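# Report on the structure
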Amino acid sequence: MRVVRRLVLIALLFQSLAGEFAGEAAAQDRFQHAVDLSFGVGRTFVPQVAYAFYGGVAGRRTRFYIGPGLRFFGTIGSQWRLAEENAPDDNFLGGDPDAAAIRINDARIASLNAGVYVQLVIRERWYVGANTDLLGVSFGSSTRGSLTRRDGTTENVRRIRPKRLSLFPVSGSYSTEFFWVGYRPIDRLLVRLGFVFSDYKYEIDDDRLVENGDGFERIYPLALVGISYVLP
């Protein structure tokens, strides 16, 4: 009888462990996807629309999700200064003051990019996340402006255009939400606050002025405000 009781206890223990792992696996197999409308607010105004598809990879009450996303964003401006992409002391916005730079009359630029999105969901209500664009296409109108070289000489430029291919972090325009916090006040609606870097790159397509279509960059650090709808 003792042997039977021990076997029964062992069987119950294994059943309990199996149920625990099954529950954990079920939690890990959950998927979540959402559409998002957000705004970068600061020295410029950047509307963003995004879709993200997440797969849960760890946790139960606190779950970690990772997945692909697609974002469309853009902005407009005037008299932007964009410094060389390889400026050694980039300080955002106008870039290194000692680097070669362009100043463009009008900026109308947008980008459609795919990227990677991560988030941590805490007890179904609180969210913490980050994301970045990786690959896509930038588009916008060409504009006129001026080029100021490192030696201080300036020349007017008839055609300055956005870099077409977006490839993080070397080409085109992309957005990086490097930190955000969200709260879900009602079912499926998430309110987000955080910080975003909005990066834009232009080039001069004229070998007389620059070699190999040198690129020029402007980065906006912005506050982030957004609303997400978690899809069923």
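Reading guide: rules and limits
Residues numbered from 1 in each chain as written. Predicted model: local features only at pLDDT ≥ 70, side-chain atom pairs only at ≥ 80, totals over all residues. Heavy atoms only, no water. Helix = DSSP H or I, 4+ residues; strand = E, 2+ residues; numbered from the N terminus. Buried < 20%, exposed > 50% of the residue type's maximum accessible area, 1.4 Å probe, protein only. Polar contact = N/O pair within 3.5 Å; in protein donor to acceptor, adjacent residues only side chain to side chain. Contact = heavy atoms within 4.5 Å. Phe/Tyr/Trp six-rings, centres within 6.5 Å; stacked < 30°, edge-to-face > 60°.

What follows covers the side chain of Q48. Tracing the sequence through the fold places Q48 in strand β2 (residues 45-58). Taking relative accessible area as the criterion, Q48 reaches 3% and is therefore assigned buried. Looking at Q48, its side chain comes within polar contact range of the side chain of E177, at 3.1 Å. In this structure, Q48 is in contact with D36, L37, S38, R71, F72, F73, S175, E177, V196 and L224, ignoring residues within four places of it in sequence.

Time to look at the environment of V128. Tracing the sequence through the fold places V128 in strand β5 (residues 126-140). By relative accessible area, which is 29% here, V128 ends up partly exposed. For the pair V128 and L193, spaced 65 residues apart in sequence, the C-alpha separation works out to 9.7 Å. Discounting chain neighbours no more than four positions away, the residues touching V128 are V118, Q119, L120, F179 and W180.

Of the consecutive residues F168 and P169, the connecting peptide bond is found in the cis state with omega at -5°. If you trace the backbone, P169 turns up in the loop between β8 (165-167) and β9 (174-186). Backbone geometry at E124 places phi at a positive 70°, although glycine is not the residue there. Within the secondary structure layout, E124 lies in the loop between β4 (101-122) and β5. Although it is not a glycine, R188 sits at a positive phi angle of roughly 75°.

Our next topic: the packing of aromatic side chains. A ring pair, where both rings are aromatic, is described by two values, the distance of the centres and the angle of the planes. Inspection of the entire model under this criterion finds 12 aromatic pairs. Ring geometry for Y54 and Y65: centres 6.4 Å apart, planes at 75°, overall edge-to-face. Taken as a pair, Y54 in strand β2 and Y65 in strand β3 (residues 62-84) lie far apart in primary sequence, 11 residues in all. In this structure Y54 comes out as buried when scored by relative accessible area, which is 6%. A centroid spacing of 5.5 Å and a plane angle of 50° characterise the contact between W80 and Y200, whose relative ring orientation is tilted. With a gap of 120 residues between them, W80 in strand β3 and Y200 in strand β10 (residues 189-204) connect regions that are remote in the sequence.

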